[in-house]
Each structure stands twice: as structure tokens, then as C-alpha cells.
Amino acid sequence: MRHFMISLIVAVIAFPVLAAESIYQTTLQESGQATAEVTTEELQQILKSGSAVVFDARPVEEYAMSHIPGVLNVAQKPGMPLSQYTSDVAEIGRLLQEQRSTPIVLYCNGPFCGKSKRLAADLLAAGYTNVRRYQLGMPVWRALVGLAEIELSAVQQIYGSDDTAVFVDARPGMAHGTIRGAVHIPLTEVAAAKDDGRLPMLDHNTRIIVFGENGTEARDVAASLAKNAFANVTFFGGSIDQLRVSLHAANHTCPGLVFTREP
């Protein structure tokens, strides 16, 4: 028995069991697809290194509401109904200066979304040779990574129409005021804000929009909120000054929009 146990230990050391893939290292693994998929971990590395150009294959309005930071979006392919929405390959060609060997990654709204597949097919037909998809898409990215960016046009729309949204001012101080209705949660106070009423603890799917002195400040607080299980967080990548100017302009055309205030 002793010899058997020694032999077993030696075998385990000599031939370790391969660790299972983590959820960050998996793909949808669809069969029969024309383009390969990338994992969440691979996409994170691609965005960090800039080794490929990443396109959000959804309509511009949807992209504006929430997209993976650092990705691009182009106009719709002419003549397509919304149910068969496809991005315009010609627009991508112009952005890439017709360099058809450029590494490209596409994503849309997750496993059941066909937008990235249709765009991939069009790119292949146009002669692009290095196209992959993040078919897990925006829903899984949000669940695993949490970081999502919002554009100024969408901030305007939400601020003027969605009374349930929570606007978070991420600046350490607010000496010059903030937008009306915003809550003040700098990075050092995220934990405290869970207990003092500043965060919607009974509905972690509440839309939360973070802004700050700059995009980095807003992004850091948004990332911290996502790591605290808030599932619908976006950050505005511009400055609070841009936000003030934009909301002030919109206030003259949108009756429901409230202008910024000073303390």
C-alpha cells in the first residue's frame, strides 16, 4: 500500500491535471463560423496593447448609451432594415485606409446577436483577412469586466428623461458646484456610499452614470462601483466642463432638462 501511494504521488507530480479554463478565457465556441472568436481576457489584452482595431457593430445610438472603452463605431450599411442592422464596411475601410490585413475584432449584444456576424461576413467578402469576433459581447463584458463608457449625446438624453438614473460626481471636492441631482462619491467614499443612501442598494441594476474632472477620475470610480456589484454603470470620458456646456445647451431645447447649479 505504501509503495502504491508513493507511486500515485509521483504520478500526480509528473503529470499534473490541467487547470480548467476560467470564464475569462472561454468563448461561445460556435461551430461553423467564418471567423474565430476572442475571449474576454484576449480582448482586454488587445485593448491594452492596441494590437487590433475593435469595432462595436451596433447602431450609433446604442453605442452612445454604453460601449467598451476604446472601441470604434461606424454608420449603418445603407438600405438595411433595423432588424438586420449591419455596420457599413465602406466606413470601416475609410477609417483603416483600406488596409485589409489590419487585425479587426467585432462585438455586439452577446451570444444571440447577429450584428457582428453579419459585419464579419461583409468584411470577409470585401477582402479583409484578419477578422475575429468577441461574440460574448456587451452583456458578458459588463458582467465580467464592468467598465463601460457613455457618450455625451446619451448623457443629455438620460439626464433629460430618466428620473431613475443616478448621476455620480467622482471629484474629491465640489468647490464649483455640480449638476443638479448628482451625488458626490469620490473613489475613497465608494464603500461608505453603500450605507449612507447615496447608492441604490435595493436595485443594483439602476442606471449609474459617473463623471468627474476628467475621464480617468470617472473611470476609476465607475470601475470601483462595478466591483461592488452595480451592474449598469457607465462613465463619461470627458470633463465636467464639457458636461456643463452640453447640458446648458440642451436646456434651451429640452424643457425637461435641468441646468447645472452652483452650491
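The model shown is predicted, which means the values in this text are computed figures rather than measured ones. (Residues numbered from 1 in each chain as written. Predicted model: local features only at pLDDT ≥ 70, side-chain atom pairs only at ≥ 80, totals over all residues. Heavy atoms only, no water.)

Draft legend 1. Highlighting the overall build of the chain. A tally of helices and strands in the chain yields 10 helices and nine strands. For the chain, the proportion of its 263 residues judged to be buried stands at 43%. When contacts within the chain are restricted to residue pairs at least 6 apart in sequence, those whose partners lie at least 24 apart make up 66%. Total accessible area computed for the chain in this model is approximately 13800 Å², and 57% of it derives from carbon and sulfur atoms. (Helix = DSSP H or I, 4+ residues; strand = E, 2+ residues; numbered from the N terminus. Buried < 20%, exposed > 50% of the residue type's maximum accessible area, 1.4 Å probe, protein only. Contact = heavy atoms within 4.5 Å. Areas by Shrake-Rupley, 256 points an atom, 1.4 Å probe, with all protein chains shown as cover.)

Draft legend 2. Just the sheet that holds strand S7 (residues 183–184), in detail. The five strands are arranged S5-S9-S8-S6-S7 in an open sheet whose pairing can be described as parallel. If you trace the sheet from one side to the other, it starts and ends with strand S5 (149–150) and S7, each paired once. Pairing geometry for strand S6 (residues 166–169) and S7, over two bridges, is parallel. Each residue of the ladder has a partner; that of aspartate 169, found in S7, is histidine 184. (Pairing = 2+ DSSP bridges.)

Draft legend 3. Quick look at the sheet that holds strand S1 (residues 36–37). Taking strand neighbours across the sheet as the criterion, the four strands line up as S1-S4-S3-S2 in an open arrangement whose pairing is parallel. Since the sheet does not close on itself, it has two edges, and those belong to S1 and strand S2 (53–56), each with one partner. Strand direction decides the pairing type here: S2 and strand S3 (residues 104–107), joined by four bridges, are parallel. Each bridged residue has a counterpart across the sheet, and for valine 53 the counterpart in S3 is isoleucine 104.

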